[in-house]
Amino acid sequence: NIEGAEIDLLKGFEKHWRKVQNFCISCHDFVSPEQRTYDAVRRWFFERGISLMSYTPTDCARAWRNYYVYASISGMF
C-alpha cells in the first residue's frame, strides 16, 4: 500500500518482477484524481504478458475494495 506510487514501484521493479509469482496491488483511484493508478497498473502487467484478475465490486460503502489488481506469472490464482 504505497498511496498512489504504484507505477513508480513497478518501474523500479522492472529488472526483478520475474522473481515474483503472484502480485496484489491496491490502487487508490477512489481517493482523488491525482492518485488514479488502476488502469496504468493493469496495463503494466498486460504489456508483460502477466495474467490479471481484478476484484472490482461496486461497493460504494467500501470504495477501497473496488481497485485491487491481482496478477500471476503462472496464470493461476
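The paragraphs below set out a description of the structure included in this document. (Residues numbered from 1 in each chain as written. Predicted model: local features only at pLDDT ≥ 70, side-chain atom pairs only at ≥ 80, totals over all residues. Heavy atoms only, no water.)

**Overview of the overall build of the protein chain**
For step 1, the next point in the chain: Of regular secondary structure, the protein chain possesses two helices and three strands.
For step 2, the next point in the chain: Traced from its N-terminal end to its C-terminal end, the protein chain shows the element sequence α-β-α-β-β.
For step 3, the next point in the chain: In the protein chain, the proportion of contacts linking residues at least 24 apart, taken out of those at least 6 apart, comes to 52%.
For step 4, the next point in the chain: When the accessible surface of the protein chain is totalled, it reaches about 5200 Å², and 53% of it is carbon and sulfur. (Helix = DSSP H or I, 4+ residues; strand = E, 2+ residues; numbered from the N terminus. Contact = heavy atoms within 4.5 Å. Areas by Shrake-Rupley, 256 points an atom, 1.4 Å probe, with all protein chains shown as cover.)

**Here we look at the environment of Ser-72**
For step 1, the next point in the chain: Relative to the elements of secondary structure, Ser-72 occurs in strand S3 (residues 68-72).
For step 2, the next point in the chain: The exposure class of Ser-72 is buried, given its relative accessible area of 0%.
For step 3, the next point in the chain: Separated by 51 residues in sequence, Ser-72 and Gln-21 place their C-alpha atoms 5.8 Å apart.
For step 4, the next point in the chain: A distance of 2.9 Å separates a polar atom in the side chain of Ser-72 from a polar atom in the side chain of Asn-22. (Buried < 20%, exposed > 50% of the residue type's maximum accessible area, 1.4 Å probe, protein only. Polar contact = N/O pair within 3.5 Å; in protein donor to acceptor, adjacent residues only side chain to side chain.)

**Concerning the nonpolar core**
For step 1, the next point in the chain: Counting residues in hydrophobic clusters, the biggest one holds 13 residues, and the most contacted among them are Leu-10, Ile-25, Val-41, Phe-45 and Val-69.
For step 2, the next point in the chain: Mapped by element, the contributors of at least two residues to this core are helix H1 (6-12), strand S1 (22-26), helix H2 (38-47) and S3.
For step 3, the next point in the chain: The biggest single contributor to this core is H2, with four residues. (Core = buried A, V, L, I, M, F, W, Y, C linked by side-chain atoms within 4.5 Å.)

**Side note on the pairing of S3**
For step 1, the next point in the chain: Of all five residues making up S3, four are buried, and the element is well covered by its neighbours.
For step 2, the next point in the chain: Relative to S3, S1 runs antiparallel, the two being bridged by five bridges. Residue Asn-22 lies in a different strand from S3, and its bridge partner there is Ser-72. (Pairing = 2+ DSSP bridges.)

**Structural notes on the pattern of salt bridges**
For step 1, the next point in the chain: On inspection of all chains with the given rule, the structure shows two salt bridges.
For step 2, the next point in the chain: With its nearest N and O atoms 2.9 Å apart, the salt bridge here joins Glu-14 to Arg-48. Residue Glu-14 is found in the loop between H1 and S1, and its partner Arg-48 is found in the loop between H2 and strand S2 (51-55); the two are separated by 34 residues along the sequence.
For step 3, the next point in the chain: Look at Arg-48 and you get partly exposed, because its relative accessible area is 26%.
For step 4, the next point in the chain: Through salt bridges with shared partners, one network takes in Glu-14, Glu-47 and Arg-48. (Salt bridge = Lys/Arg side-chain N within 4 Å of Asp/Glu carboxyl O.)

**Points about the packing of aromatic side chains**
For step 1, the next point in the chain: On inspection of all chains with the given rule, the structure shows six aromatic pairs.
For step 2, the next point in the chain: Look at Trp-17 and Trp-44: their rings are 6.2 Å apart centre to centre, the planes differ by 80 degrees, and that puts the pair in the edge-to-face class. With a gap of 27 residues between them, Trp-17 in the loop between H1 and S1 and Trp-44 in helix H2 connect regions that are remote in the sequence.
For step 3, the next point in the chain: Residue class for Trp-17 comes out buried when judged on its relative accessible area of 8%.
For step 4, the next point in the chain: By way of ring pairs, the aromatic residues Phe-13, Trp-17, Phe-23, Trp-44 and Phe-45 are connected into one cluster. (Phe/Tyr/Trp six-rings, centres within 6.5 Å; stacked < 30°, edge-to-face > 60°.)

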